[in-house]
Amino acid sequence: MLVLFWTDVLIFLLVGMVLIFVLYARRREHLCAPWREVARSGVAMGSLVVLGFYIVIGLLDSIHFRPAMSPNQDNGQVQYANEILSVFDRLVTPLRVRGEKTYSAPFAAFLYTKETVELPDGRQRRQFPRLKYGASHLTDPETEKTADIVMTGMFAAAKGLLVWGVLCTVLITALGKWKHQALRSVFAQMRAGQTTVRWRSMLYTLGILMVISFVAADLSMKYHILGTDKVGENVFYQALKSIRTGLVIGTLTTLIMFPFAVLLGLMAGYFRGWVDDVIQYLYTTLSSIPGVLLIAAAVLILQVYLDNHADEFSSVSERADLRLLFLCLILGVTSWTSLCRYLRGETLKLREVDYIQAATALGVRHFTILTRHILPNVMHIVLITVVLDFSALVLAEAVLSYVQIGVDPTMNSWGNMINSARLEMAREPIVWWSLFSAFIFMFSLVLAANLFSDALRDAFDPRLRQQR
Amino acid sequence: MSDACLSVSNLSTHLGSDTRPIRAVDGISFEIKKGETFALLGESGCGKSITALSLMRLLPTSGRIMSGQVQFGSQDVLKLSESEMRGIRGGGMTMIFQEPMTSLNPVLTIGVQVSEALRVHLGETGIAARQHVLDLLDAVRIPDPERRIQEYPHQLSGGMKQRVMIAIALAGQPDLLIADEPTTALDVTIQAQVLDLMQQLQQQQGMAIFLITHDLGVVAEMADRIAVMYAGQIVEQAERDTFFSNPSHPYSRKLFESLPTMAKRDQALFVIKGFVPSLQTQFEGCRFAPRCDHAMTVCHERPPTWHVDGRRQVLCHLYTRGEDVTRLNEPPTLSMPVGSIAQTEAESELLLQVHALQVHFPIEKGLFKRTVGHVRAVDGVDMTIRNGRTLALVGESGCGKTTVGKSILQLIRPTGGSVRFDGAELTSLSHSELRHRRTDFQIIFQDPYSSMNPRMLVNDIIAEGIKAQGDRDAPEQRRARVEKQLQQVGLSADSAARYPHEFSGGQRQRISIARALAVEPKLIICDEPTSALDVSVQAQILNLLQELQKEFGISYLFITHNMSVVSYIADEIAIMYLGRIVECGTVRDVLRSPRHPYTQALLSAVPTLDPGTKREVIRLQGDIPSPSNPPTGCYFHPRCPKSMDICRQCYPGRSSVNGRHHVDCHLYTIDEPNPGGVER
């Protein structure tokens, strides 16, 4: 049975909006031109592939359902489990269910802590017990493990390369068909990096990612490749699940702040006078309140509400989801001011431009001027800000969860992983892999987003465009 | 040759990609003698600025010099290393640019910027440098250099800044001064001051000037020799007198013919057909052949060679093949004689009456935005426009003429006075009442690039006014209307499906006109509609405006600073100074016998094309005062050569010269009118 969380709805709304925009922009030259500029940049297209991986995982993790249990014996009706899973959970079921007792290091065959074990002869000894799932197929992990990892890894890498090769061939054939060119010449152009879309860097990145994901997938069937946490849950699985949280914070926050910033910014700049005074007062006041304070207060209020109305929620995940949405909301409220200020300034400049004056002289209504003349001419600013804000918001989530005013503690997020690592790092011997995994995943997402947004800014900012 | 300061041979400069380069400069050769002024004349995009930048080796990153030799003194500039080149720049040859506003660093004082040039080129520092800076500022006639030396660029006017630029250029005691459109951004009275200054400095220092301009008047004033550039090539070189008495190349002739003048009133201006070719094309024959009326088959097949004849050189087949060139002298047959509307002297109805129009912008200060004063952009303007007539509003920049136009349209709400349009008082209409009346009066802007939303199709741009007036036409009908409009302004119907950036400046101006015409206005305010355009394109637009006036009986308020355009197109004229109209009347009266000293100075400062008649230029002192703090009494008295005691005390009333010619000046309020008018 399908379950819709609030954030799921909003995510798919966002996807829909992006698709509609793509369809709209396709036929408009001035909207396509800067994107073509982006497509010519190798770094941007490489980053786009990395972002694409994250987005696919995030989207798969956003389709939730209650799995059906075996039909009831009495009336044959299908019963649904209490637990809510996502499509992604179903795909990685082995990672999800194969929990250990407690900490274990990456690729370990033994637990990280000693336990008292009863030997067959009745004596008791303290030792590192074997893991239930990690490296359980090996009889003597000490001698066999390295060879097994290398072999499995090589085999998986080969599979990844094979799939990559198939994908490349499909792409080249499709391009050749589409452009009516010989496959050989398409291939030659692509290799020389002369295509209008930088397929070469996209395919190289895709190749690397394919190898990594195949190796990770195959190895994680036999080992806990990033170890397990305190309650024995697979850290790799946690890091993957955190992707959705990061993406939701990064995108939905902008979706929420977008109407505020655009509407108020344009109105302040266009109407001037008292409208401008009120809006300016609003955002200067709001941006003077420390953001963390506001967020902490809002999250605490929500937490009290959730605790008092626990029976209104059918599951823990639903509560966690509401808290995530609320976090987006409050982050949006605190972060719209800079975009609003920026848009106000741009509108102030634009309203004096001749074509706006001409429209006024033609008797065009204020609202039409705002939507038809001003909004399309400030959209590049909105786009650049949104993409730049994305990485800042992903990082902000980590900080907020670290000070425990972020997402719900039951929800997987990089911030929660880092938060738990606070104690693990103080432990002797230290448990480093939670922090490490969160860092690697977050770092590659933010780096890819930053590289992509740099290229986007180069293409969209008219001032930078003139210099070329 | 020993007397050559700079000799350029076969210089080629390409811009853009290697595969399809823009041949901005395509094999040009010329020579500048010591101490002479050599003018390079050409329309925008013909490669004249790139030529200058190639000489200084200051090309943009996409530019590269493909071949050629630039012999400067004893050195070949193109073979020097970058560090040797730095010694040449500023020391040997130096350059001043068109835009004085952006050529100076806004965070450094004038003194620092001038002394930097001294330190670099002469190694002077300290007290000696300071004295030298003062001398230089004095040499470029900046008043009170002791004070100015500590001021920042924003405290100076445009003319002052250009003088500081000249002072910096002179600091290195150069042999050659390259001036790239040095006065294009300046007003005509300031232009006269700067040109005068350049000539004097040239005589004192004996340097050569390489003057780049599109203005035939400036060339006539300044140049000793002239080269005409077209599409990356020089097509004619001649001594000034030879050139102006008898231009040889068909292109040079057309340039002269397309200039608007008083004598060409009531007839269409001659236009050069077609467009300037893209510099990316590979030319086979003569570059001008497709637009030339005298083109022969050979012109399309082979590039012409130089024909040298005494003091002139022409790149044209007509001369090298010994064709009968006398037919060039025949007056061009005009495609469209404009019927003389001016003949109908019978008074047509009054369309617009402006009385005591005031636009004051408050100057706010402090936390609570206390109003501490007003910028009196428009300070009591009266004017009337009759149906189907053209009133020209003339004045220098900053005198408030654009504000007058916008406040008549109520784009800026006036702070006082009345604007009666066709019987209705516009200033008292509410926003929505005004919205419905807006079809009657429209505006055309100066800059054809910013006057259209770059993100809208031409179709939507033109249909915008129709839609805004609540038109319920079916899309096909509206489309047909748009196409009709486009054809009316001389554009093809398929332009509707394109974006503004695909059009040239002149074509964009046509689209602006079509947008204004689409709502069938009675009055169009033309705010410098041709000042961003080249002469030949200007002629096309002026013709179009004349034609439309004849056909639809539209009235124009023509805001401009260009006297030749005024004399060609306007019926009446109003001269504006610092927010007030100082003189108004019919064009013939005002231009032939100007009464107000300001009008006289303004007219005398316009460079004339005929170098033979040396007119007496009335030099105005100083700059236009700030409208936030106008002088007491007559606003013009601090600059007026004829100011009297009474001028300092009160603003003069209006006195009438004849029925239609009025002037605000104390010279004429005294019982016995003293006509100090310069008869022209």
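Numbers given to residues run from 1 along each chain, matching the order in which its sequence is written. Think of it this way: whatever chain is written first is A, whatever ligand is written first is 1, and the rest follow in order. Thresholds applied to this predicted model are a pLDDT of at least 70 for local features of residues and 80 or more for the giving and counting of side-chain atom pairs; totals over whole chains, interfaces and linings are not thresholded and use all residues. Just so you know, side-chain values use all the structure's heavy atoms and leave hydrogens and water out.

Trainee: So what's going on with the overall build of chain B? Which residues, and what values?
Mentor: Secondary structure elements are defined from DSSP: runs of H or I of at least 4 residues count as helices, runs of E of at least 2 residues count as strands, and each element is numbered from the N terminus. The helix and strand inventory of chain B stands at 24 helices and 24 strands. We compute the radius of gyration over the C-alpha atoms and compare it with the globule rule, which gives 2.2 Å times the number of residues raised to the power 0.38. The C-alpha radius of gyration of chain B comes to 26 Å, within 12% of the 26 Å expected for a compact globule of 680 residues. For chain B, the spread of C-alpha atoms along the principal axes amounts to about 75 × 65 × 55 Å. Every one of the 680 residues in chain B was classed for burial, and the buried ones make up 56%. Whether two residues are in contact is decided by their heavy atoms: any pair within 4.5 Å suffices. Of all intrachain contacts in chain B linking residues separated by at least 6 positions in sequence, the fraction that spans at least 24 positions is 66%. Neither His nor the chain ends contribute to the count of charged residues, in which Lys and Arg are positive and Asp and Glu negative. By convention, charge coordinates are those of NZ in Lys, CZ in Arg, CG in Asp, or CD in Glu. Each charge class in chain B can be summarised by its mean position, and for the 70 positive and 75 negative side chains these summaries are 3 Å apart. Throughout this description, buried means an accessible area under 20% of the type-specific maximum (1.4 Å probe, protein chains only), exposed means over 50%, and partly exposed covers the range between.

Trainee: Please set out the interface of chain A and chain B residue by residue, giving values where relevant.
Mentor: In this assembly, 23 residues from chain A lie in contact with 26 residues from chain B. Broken down residue by residue, the surface that chain A buries against chain B is led by A:His30, A:Asp354 and A:Leu362, which jointly contribute 28%. By definition, a salt bridge exists where a carboxyl oxygen of Asp or Glu is found within 4 Å of a side-chain nitrogen of Lys or Arg. Linking chain A to chain B there are one salt bridge. Among the ionic pairs, A:Arg372 bridges to B:Glu464, the shortest N-O distance being 2.9 Å. A 3.5 Å cut-off defines polar contacts: any pair of N or O atoms within that distance qualifies, except that in protein one atom must be a possible hydrogen donor and the other a possible acceptor, and neighbouring residues in sequence count only when both atoms are side-chain atoms. At the junction of chain A with chain B, the criterion picks out 13 residue pairs in polar contact (both at pLDDT 80 or more). Of all the secondary structure elements, the ones that give two or more residues to the side of chain A that touches chain B are helix H2 (29–40), helix H13 (354–361) and helix H14 (366–402) of chain A. Broken down by element, the residue count for the side of chain A that touches chain B peaks at seven residues, all from H13(A). Throughout this entry, Asp, Glu, Lys and Arg are counted as charged residues, while Ala, Val, Leu, Ile, Met, Phe, Trp, Tyr, Cys and Pro are counted as nonpolar. The remaining residues, Gly among them, count as polar. Among the residues making up the side of chain A that touches chain B, the classes are represented as nine nonpolar, eight polar and six charged. Take the accessible area each of two parts loses on contact, using a 1.4 Å probe, and add the two losses: that sum is the buried area.

Trainee: Describe the confidence of the model for chain B, with residues and values.
Mentor: All names here are of chain B. Per-residue confidence for chain B gives a mean pLDDT of 84; residues scoring 70 or more make up 93%. Across the chain, each position has a pLDDT score giving the predictor's confidence in that residue, from 0 to 100. Contacts of residues 335–344 to residues separated by more than four positions or lying in other chains number 14 contacts, the stretch itself having pLDDT below 50. Counting contacts from residues 671–680, a segment whose pLDDT is below 50, to residues more than four positions away or on other chains yields 19 contacts. Reported confidences for the modelled complex are a pTM of 0.81 and an ipTM of 0.80.

Trainee: Before we move on, can you summarise the packing of helix H10 (residues 273–288) of chain A against helix H12 (residues 316–350) of chain A with the specific residues and values?
Mentor: Residue and element names in this part refer to chain A. It is at 9 Å that the axes of H10 and H12 come closest, and there the two elements cross at 140 degrees. Judged on the interaxial angle alone, H12 and H10 are oblique. Where H10 crosses over H12, the two elements pack in a sense that is left-handed. In this structure, H10 uses Asp276, Ile279, Gln280, Leu282, Tyr283, Leu286 and Ser287 to contact H12, whose residues at the interface are Val333, Trp336, Thr337, Cys340, Arg341 and Arg344. For every element, the axis is a line fit to its C-alpha atoms; helices are fit only across the contacting stretch, and the angle between N-to-C directions ranges from 0 to 180 degrees. Roughly parallel means an angle under 35 degrees; roughly antiparallel, over 145; roughly perpendicular, 65 to 115; everything else is oblique. Handedness of each helix crossing follows the sense of rotation of the near helix against the far helix: counterclockwise by less than a right angle gives left-handed, clockwise gives right-handed.

Trainee: Please provide a residue-by-residue account of the nonpolar core, values included.
Mentor: The nonpolar side chains of a soluble globular protein tend to be buried with one another. We define a nonpolar core as any set of buried Ala, Val, Leu, Ile, Met, Phe, Trp, Tyr and Cys residues linked to one another through side-chain atoms lying within 4.5 Å. Grouped together as the largest cluster of nonpolar side chains are 69 residues, with contacts concentrated most on B:Ile166 and B:Phe243. Residues A:Ile243, A:Leu247, A:Ala398 and A:Phe460 belong to the second largest nonpolar core, which totals 68 residues.

Trainee: Residue-level account of the environment of A:Gln194, with values.
Mentor: For A:Gln194, the position within the fold is in the loop between helix H7 (183–192) and helix H8 (199–222). Between the C-alpha atoms of A:Gln194 and A:Val248, which are 54 residues apart in sequence, the distance is 36 Å.

Trainee: An account of helix H18 (residues 505–517) of chain B is needed here, citing residue identities and associated values.
Mentor: Here H18(B) is 13 residues long and its end C-alpha atoms lie 18 Å apart, about the 18 Å a rise of 1.5 Å per residue gives. Counting buried positions along H18(B) gives 13 out of 13 residues, so the element sits mostly inside the fold. In a helix, the anticipated span is given by 1.5 Å times the number of residues less one.

Trainee: Give me the lowdown on the packing of aromatic side chains, citing residues and values where you can.
Mentor: Two rings from Phe, Tyr or Trp (for Trp, the six-membered ring) form a pair when their centres sit within 6.5 Å of each other. Planes less than 30 degrees apart are called stacked, planes more than 60 degrees apart edge-to-face, and all others tilted. Scanning the entire structure with this criterion turns up 23 aromatic pairs over all chains. Ring geometry for A:Tyr270 and A:Phe271: centres 5.1 Å apart, planes at 80 degrees, overall edge-to-face. Given a relative accessible area of 6%, A:Tyr270 falls into the buried group. Its relative accessible area of 35% is what places A:Phe271 among the partly exposed residues. Ring geometry for B:Phe243 versus B:Phe244: centroids 5.4 Å apart, planes at 85 degrees, classification edge-to-face. The same class applies to B:Phe243 as to B:Phe244, namely buried.

Trainee: Outline the sheet that holds strand E15 (residues 390–394) of chain B, supporting the account with residue identities and numerical values.
Mentor: Strand pairing in a sheet relies on backbone hydrogen bonds, with the paired strands running either antiparallel or parallel. All names here are of chain B. Only strands joined by at least two bridges in the DSSP assignment are considered to pair. Across the sheet, eight strands lie side by side as E18-E19-E20-E15-E21-E22-E24-E23; this open sheet has mixed pairing. Two strands in the sheet have a free side with no partner beyond their single neighbour: strand E18 (441–444) and strand E23 (654–658). Taking the axes of each pair of neighbouring strands and ignoring which way they run, one obtains an average angle of 20 degrees across the sheet. Of the strand pairs in this sheet, strand E19 (residues 523–527) and strand E20 (residues 555–560) are connected by five bridges, and their pairing is parallel. From the neighbouring strand, Cys526 faces E20, where its bridge partner is Phe558. Sheet contacts for H18: E18 and E19; angle to E18, the most-contacted strand, approximately 170 degrees. On the sheet, helix H19 (residues 535–552) packs against E15, E18, E19 and E20 and is oriented at approximately 155 degrees with respect to E20.

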